[in-house]
Amino acid sequence: MSQPERHLPGPGAAISTDLYLDRYAARTAGMTASEIRALFAVASRPEVVSLAGGSPFTAALPLDTIGDMIAQLVHDRGATALQYGIGQGEPLLREQICDVMALEGITASPEDVVVTVGSQQGLDLVSRVFLDPGDIVLAEGPSYVGALGTFAAAQAEVVHVAMDDAGLQPEALRQALADLASRGRTAKLLYLIPNHQNPAGVTLAEERRDVVLDIARSAGVIVLEDNPYGLLGFDGEPLRALRARTDDGVLYLGSFSKTFSPGLRVGWVLAPHGVREKLVLATEAQILCPPVFSQQIVSTYLATQPWQEQIKVFQEIYHERRDATLSALEQLMPPGLSWTHPTGGFYVWVTLPDGLDSKLMQPRAVHERVAYVPGTGFYADGAGRSQLRLSYCFPPPERIREGVRRLAGVVEAELELVGVFGAESGRQPRSVPRPGAEDRGEPPTRPRLVVPL
Ligand SMILES: Cc1ncc(COP(=O)(O)O)c(C=O)c1O
């Protein structure tokens, strides 16, 4: 049998040990490990204060009670709870999901709800149903890293739209659509996280909500509203969801990950009737049905436990941690930084002084035993080097303060370096050409930074 012909890599080409490299589907080109995943290994070491991951504080759940509840569920209904289910999801849970959404003003029929494996699968389903390679998705800049990954896997192009402290700027949205129109293009989806946005921590202001919907509607762009943090506000009632204002042209993603448990992986999509049918076909092709056991746990929890009281417990915990983060930033950071003031959710978005680069600073931060996520992870276009995301959801207040204290030390050291050497020459690792690279006209490569831990 003849061996398949193997081509030797050209000079300077990256050498891969992956023998399947030339067989992968084109869409895998968009699949790269996120900044956050790469960070998890180091950030989870006990000596590191991680302000990086967005893990909810599940230790605040009444774990013994939930244990008893699950035991009872298996005892009473184990044979069905451990069985296959239907693609759209358990009917009772879909009714309960409508009650949850009613808290944010949404009136919906359980018929239009599709239960998913977390809202992450909802993102994937919507992408499968709506996006062809090359389609354009408008998204806030910055935006949720998991959504960017899903859009990249669908080979869509993400165009970011600027935000400020009141969320997406309607004028920037108009401009983005006009720029696309001038290229003879339009967008398929407008992806938004209107409440306590990940990663920016800002909320789309009440007075902007109808404006944004109107702009999207007149441009024929479907709004994809992703709302895992809506019930985790610290002051007052949640704002009415976008989907509560119109059921025309809005797809809504919800999740129990932040209000109950991310480990159960239960989320949902609420979609207009025709779209819902396509989503069910897509989910059946992908997973047959969402896990019945997880769904029944959530359903039993909602039916038998004081879940709204538990959400208040979470709100209080995150509120205290948000306060700890903001006061530590205020007291410990050198001048020149700015940050957002979230009114809910998990995240603060920090902007560094001129000349500092959050990605280059990261190895030093990890060395100083504090982890954050560089801003670049939240943009599809390489922006975000002068920003970073801090998550306050998991560490207790005293750890948050210690983490911010360490980070402040790192920022001060970076500022000193930039002061001495300048942003370009002093701080950035020197570029080293490979032998003979100049003759071959190759760009220089950066040496890898090795972090002693
Ligand atoms: C904005 C946003 N959307 C979706 C998700 C995915 O959540 P899950 O799949 O756990 O429901 C997250 C998780 O952090 C998120 O922040």
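Above this note sits the structure.
Small disclaimer: the values here were computed from a predicted structure and weren't measured.

**Remarks on the site of the ligand**
Right, on to step 1. Close to the ligand lie 14 residues; Gly118, Ser119, Gln120, Ser255 and Ser257 are nearest.
Right, on to step 2. Per element, the largest residue contribution to the shell around the ligand is 3 residues, and it comes from helix H4 (residues 118-130).
Right, on to step 3. A class-by-class count of the residues in the shell around the ligand yields 4 nonpolar, 9 polar and 1 charged.

**Considerations on the packing of helix H3 (residues 91-102) against helix H10 (residues 292-304)**
Right, on to step 1. Contact geometry of H3 with H10 gives a least axis separation of 9 Å together with a crossing angle of 50°. Classified by the interaxial angle, the pair formed by H3 and H10 is oblique. H3 and H10 meet at a crossing whose hand is left-handed. Together, Leu92, Leu93 and Gln96 of H3 and Gln295, Val298, Ser299 and Leu302 of H10 make up the contact between the two elements.
Right, on to step 2. In terms of residue class, the contact of H3 with H10 is made up of 4 nonpolar, 3 polar and no charged.

**Quick word on the environment of His160**
Right, on to step 1. Position of His160 among the secondary structure elements: in strand S4 (residues 157-164).
Right, on to step 2. With 21 C-beta atoms counted inside 10 Å, the residue His160 sits in the buried group.
Right, on to step 3. Along the backbone, His160 and Ala139 are 21 residues apart, and their C-alpha atoms lie at a distance of 4.9 Å.
Right, on to step 4. Excluding residues within four positions of it along the chain, His160 makes contact with Ala139, Glu140, Gly141, Ser143, Tyr379, Ala380 and Asp381.

**Things to note about the sheet that holds strand S14 (residues 387-391)**
Right, on to step 1. Strand order in the open sheet formed by 4 strands is S10-S11-S14-S13, with antiparallel pairing between adjacent strands. Strand pairing shows two members of the sheet lacking a second neighbour, strand S10 (338-339) and strand S13 (373-374), which therefore form its edges.
Right, on to step 2. As paired elements, S10 and strand S11 (residues 347-351) share 2 bridges and run antiparallel to each other. Paired with Trp339 across the two strands is Val350, which belongs to S11.

**A word on the pairing of strand S9 (residues 267-270)**
Right, on to step 1. Every second residue of S9 is oriented toward a common face, with Gly267 and Val269 on one face and Trp268 and Leu270 on the other, all of them buried.
Right, on to step 2. Sheet analysis places strand S2 (residues 113-116) next to S9, joined by 4 bridges and oriented antiparallel. Each bridged residue has a counterpart across the sheet, and for Val114 the counterpart in S9 is Val269.
Right, on to step 3. Note that strand S8 (residues 250-255) and S9 share 4 bridges and pair antiparallel. For Ser255, the partnering residue across the bridge sits in S9 and is Gly267.

**Section: unusual backbone geometry**
Right, on to step 1. The linkage connecting Gly141 with the following residue, Pro142, adopts the cis geometry, with an omega of 5°.
Right, on to step 2. Looking at where Pro142 falls in the secondary structure, it is placed in the loop between strand S3 (136-141) and helix H5 (145-153).
Right, on to step 3. Residue Pro199 follows Asn198 across a cis peptide bond; omega there is 15°.
Right, on to step 4. The topology assignment puts Pro199 in the loop between strand S6 (189-192) and helix H7 (206-219).
Right, on to step 5. The residue Gln155 is not glycine, and still its phi comes out positive at about 60°.
Right, on to step 6. With respect to the helices and strands, Gln155 occurs in the loop between H5 and S4.

**What about the packing of H4 against H5?**
Right, on to step 1. Relative orientation of the contacting elements H4 and H5 amounts to 30°, with a least axis distance of 10 Å. With respect to H5, the axis of H4 lies roughly parallel. Seen from above, H4 lies across H5 with right-handed handedness. Counting all contacts with H4, which are made through Gln120, Leu123, Asp124 and Ser127, the residues of H5 involved are Gly146, Ala147, Thr150 and Phe151.
Right, on to step 2. Residues of the contact of H4 with H5, tallied by class, amount to 3 nonpolar, 4 polar and 1 charged.

**Comments concerning the sheet that holds S9**
Right, on to step 1. Strand order in the open sheet formed by 8 strands is S2-S9-S8-S7-S6-S3-S4-S5, and the pairing between neighbours is mixed. Two strands in the sheet have a free side with no partner beyond their single neighbour: S2 and strand S5 (167-168).
Right, on to step 2. Here strand S7 (residues 222-226) pairs with S8 via 4 bridges, running parallel. Opposite Glu225, over in S8, you have Tyr252 as the bridge partner.

**Examining the pairing of S11**
Right, on to step 1. With 4 of 5 residues buried, S11 is to be regarded as a mostly interior element.
Right, on to step 2. Pairing geometry for S11 and S14, over 5 bridges, is antiparallel. Each residue of the ladder has a partner; that of Thr351, found in S14, is Gln387.

Conventions and cut-offs
Residues numbered from 1 in each chain as written. Predicted model: local features only at pLDDT ≥ 70, side-chain atom pairs only at ≥ 80, totals over all residues. Near = placed C-beta within 6 Å. Helix = DSSP H or I, 4+ residues; strand = E, 2+ residues; numbered from the N terminus. Nonpolar A, V, L, I, M, F, W, Y, C, P; charged D, E, K, R; others polar. Axes fitted to C-alpha atoms, helices over the stretch in contact; angles between N-to-C directions. Parallel < 35°, antiparallel > 145°, perpendicular 65-115°, else oblique. Left-handed = near helix turned anticlockwise from the far one by under 90°. Contact = placed C-beta atoms within 7 Å. Buried ≥ 20, exposed ≤ 12 C-beta atoms within 10 Å, placed from the backbone. Pairing = 2+ DSSP bridges.

Keep in mind that these numbers describe shape and distance, not what the molecule does.
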